[in-house]
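Spelled out from the first residue to the last, the chains are:
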Amino acid sequence: MSRLREPRIAGPVPVRALGPDRILVAGPTGRAALLTEAEHAAFAPAVDLESLARERVESGELNWAGPATHVILASARGAAMSPETAKIVVDFVFATPRPGVTLEIVDEDGDGWPAARFIMEYARRRAQWAGRGLALWLRAAARPSRERAELLRCQGAGVRAALRVEGAPGPVRLFGARRARLVLGRGACEPEAWVDALAGLGVSGVEWVASAELTRDAIGARRFADFTARAFARMSDGPQAWDLRDELAAALLSARPWEVPGVDLLETLAYAPDGSVYTSEEGRALDVDRGDSTFLLGHAGSLRFQDLPALPQVPALTLALAREAQPLCAACVYAPYCVVAPSAHVRAQGTLHGRLPDSPRCMAHMALLDAFFSRLPSEKCLKMLEKWGIDTWRYT
């Protein structure tokens, strides 16, 4: 096959992985080439990424709404945010254009309460001044004290329990949290029992997160995919009185991929204790764990949200989020529902685009969607989606 000689285009070029180090690229006139991964990496920058990023931003994916969730790390890995830095971060958050703002304040080490308290009080005032909606969540691994619980109640803040799952549930203590973020380890098992336990405690929303061990190989990835699919099946087939909602499944089945939890730039931005701004919480973790600063955008004190499209890494991230640019995604029946965060691909496979469908996150999404579509036209399943606030017209 001859090398491509095509007019430059402002969109992603369709590709398909045909085997190890063999990537088929087809141009708009039908000319094709088989490239190695290195050749494809060199070829991809020839696409007008700047135009693509501008097009996606102008079409509303970034500037029109801004991220849905702002994750603020009040304490993490031995570092705590100061109230002064917290003010800078909140000011940056309120410079984003979304009418309603959601703040998830993470107190990972238990030392971030001074910053967390300031964030809640200051953000509430900012929201009142600007007439904007505000949702506040505190993510913690332990029950807040009575004094802190009262402040959370006064600020209208909910609590998201952060737990690591190893084995069967046993006695689950979520200290009255309305939502849960459960990190699944290799020993996680009995997803049906976990769903029963969470529903019995009155939890309204759960986010299953794969631990680093489950993203290192295909065996771990399949285990995570099987766990999440079985958990969804239990929610679907269990008592209708349950209010438990799978946050990932809900985002996928809403056909709003930009709301999938943790998607860099579009669904989330994350703020480190020192005020650094990252495309996601996973992006910040990669910087801490591996020294990979790909997902670092700048500092909240000097960065302007409207300048994000001009940052050098944003066009590459935008292209990675374009499903048309992903091998096998363009031909996938689930493409309208799904998107995988580039930071998740880097964590598991070392590349922004990932290697689908071997990507752990791709496996999990496909397993969840298989679990749903295999149940259609189940009225019980559709009623569950309606309780989750999902318009089911497209499924009937």
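### Details of the confidence of the model for the protein chain
For the protein chain, per-residue confidence averages 83 on the pLDDT scale, and residues scoring 70 or more make up 84% of the total. Taken as a whole, residues 1-11 scores under 50 in pLDDT and shows 34 contacts with residues more than four places along the chain or in a different chain.

### Let's talk about the packing of aromatic side chains
Under the criterion given, the structure shown has eight aromatic pairs. Between Trp 208 and Phe 227 the ring centres are 5.2 Å apart and the planes differ by 70 degrees, which places this aromatic pair in the edge-to-face class. With Trp 208 in strand 10 (residues 205-210) and Phe 227 in helix 7 (residues 218-237), this pair connects stretches of sequence that are 19 residues apart. Here Trp 208 and Phe 227 have matching classes, each one buried.

### Quick word on unusual backbone geometry
The backbone phi angle of Arg 77 is positive, close to 50 degrees, even though this residue is not glycine. The topology assignment puts Arg 77 in the loop between strand 4 (69-76) and strand 5 (79-80). With a relative accessible area of 45%, Arg 77 lands in the partly exposed category.

### Looking at the pairing of strand 9 (residues 179-188)
Among the 10 residues that make up strand 9, seven are buried, leaving the element largely enclosed by the rest of the structure. Where strand 8 (residues 157-167) lies against strand 9, seven bridges are found, and the strand directions are parallel. Each bridged residue has a counterpart across the sheet, and for Ala 162 the counterpart in strand 9 is Arg 181. As paired strands, strand 9 and strand 10 are joined by six bridges and run parallel to one another. For Ala 180, the partnering residue across the bridge sits in strand 10 and is Val 206.

### Notes on the side chain of His 365
Structurally, His 365 can be placed in helix 12 (residues 360-373). Relative accessible area serves as the criterion here: at 1%, His 365 is assigned to the buried category. With residues up to four places along the chain from it excluded, the contact list for His 365 reads Leu 248, Leu 252, Val 260, Cys 338, Val 339 and Val 340.

### Quick look at the side chain of Thr 96
As for its position among the elements, Thr 96 is in the loop between helix 3 (83-93) and strand 6 (100-107). From its side chain, Thr 96 meets the backbone oxygen of Val 93 in a polar contact 2.5 Å long. Dropping the residues within four chain positions of it, Thr 96 is found in contact with His 70, Arg 132 and Phe 305.

### Things to note about the environment of Val 209
With respect to the secondary-structure elements, Val 209 resides in strand 10. Along the sequence, Val 209 and Val 165 sit 44 residues apart, while their C-alpha atoms lie 9.7 Å from each other. Apart from residues no more than four positions distant in its own chain, Val 209 is found in contact with Arg 181, Leu 182, Val 183, Leu 184 and Phe 224.

### Points about the pattern of salt bridges
For the structure on display, the rule yields 21 salt bridges. As a salt-bridge pair, Arg 139 and Glu 281 come within 2.8 Å of each other at their nearest N and O atoms. One end of the pair, Arg 139, is in strand 7 (residues 133-140); the other, Glu 281, is in helix 9 (residues 281-290), and 142 residues separate them in sequence. Take Arg 139: its relative accessible area is 7%, and that puts it in the buried class. Salt bridges sharing partners connect three or more residues here, namely Glu 104, Arg 139, Arg 160, Arg 179, Glu 207, Glu 247 and Glu 281.

### Quick notes on the packing of helix 9 against helix 11 (residues 342-349)
Interaxial distance between helix 9 and helix 11 falls to 8 Å at its minimum, and their mutual angle equals 35 degrees. Contact residues: helix 9 offers Glu 282, Gly 283, Ala 285, Leu 286, Asp 289 and Arg 290, while helix 11 offers Ser 343, Ala 344, Val 346 and Arg 347.

### Focus: the nonpolar core
By size, the foremost hydrophobic cluster in this structure holds 100 residues, and its most contacted members are Leu 103, Leu 198, Trp 208, Phe 232, Leu 297 and Trp 388. Apart from the residues within four sequence positions on either side, Phe 232 is in contact with Ala 249, Leu 253, Leu 368, Ala 371, Phe 372, Cys 381, Met 384 and Trp 388. In this structure, Val 106, Ala 270, Ala 272 and Tyr 278 belong to the second largest nonpolar core, which totals seven residues.

### Looking at helix 5 (residues 146-155)
Residues Leu 151, Leu 152 and Gln 155 constitute the buried set of helix 5. Considered in projection along helix 5, the buried side chains sweep an arc of 100 degrees and stay on one side of the axis. Away from its buried face, by an angle of more than 90 degrees, helix 5 presents the exposed residues Arg 146, Arg 153 and Cys 154. Of the surrounding secondary structure, the elements contacted by the buried residues of helix 5 are helix 4 (113-130), strand 7 and strand 8. In the stretch just after helix 5, Gly 156 is the one whose phi turns positive, near 70 degrees.

Rules used throughout
- Each residue is numbered by its place in its chain's sequence as written, counting from 1.
- Two thresholds apply to this predicted model, a pLDDT of at least 70 for residue-level local features and 80 or more for giving and counting side-chain atom pairs, whereas whole-chain, interface and lining totals are computed over all residues.
- Excluded from the side-chain calculations are hydrogens and water; all other atoms, namely the structure's heavy atoms, are used.
- The quantity called pLDDT is the predictor's confidence in a given residue, expressed from 0 to 100.
- Should any heavy atoms of two residues lie within 4.5 Å, those residues are counted as being in contact.
- Here a pair means two rings of Phe, Tyr or Trp (six-membered ring of Trp) with centres within 6.5 Å. Their orientation is stacked below 30 degrees between planes, edge-to-face above 60, and tilted elsewhere.
- A run of H or I in DSSP becomes a helix once it reaches four residues, and a run of E becomes a strand once it reaches two; helices and strands are each numbered from the N terminus.
- Burial here depends on accessible area, computed with a 1.4 Å probe over protein chains only, as a share of the maximum for the residue type. Under 20% is buried, over 50% is exposed, and the range in between is partly exposed.
- Being paired, for any two strands, means DSSP has found at least two bridges between them.
- Polar contacts, as used here, are pairs of N or O atoms within 3.5 Å; protein pairs need one atom able to donate a hydrogen and one able to accept it. Residues neighboring in sequence count only if both atoms are side-chain atoms.
- Any Lys or Arg side-chain nitrogen located within 4 Å of an Asp or Glu carboxyl oxygen qualifies as a salt bridge.
- For helices, the fitted line uses only the C-alpha atoms of the stretch in contact; every axis is such a line through C-alpha atoms, and the angle between N-to-C directions lies from 0 to 180 degrees.
- The term nonpolar core refers to a set of buried residues drawn from Ala, Val, Leu, Ile, Met, Phe, Trp, Tyr and Cys, joined through side-chain atoms within 4.5 Å.
- Directions pointing from the helix axis toward each C-beta atom define the arc.

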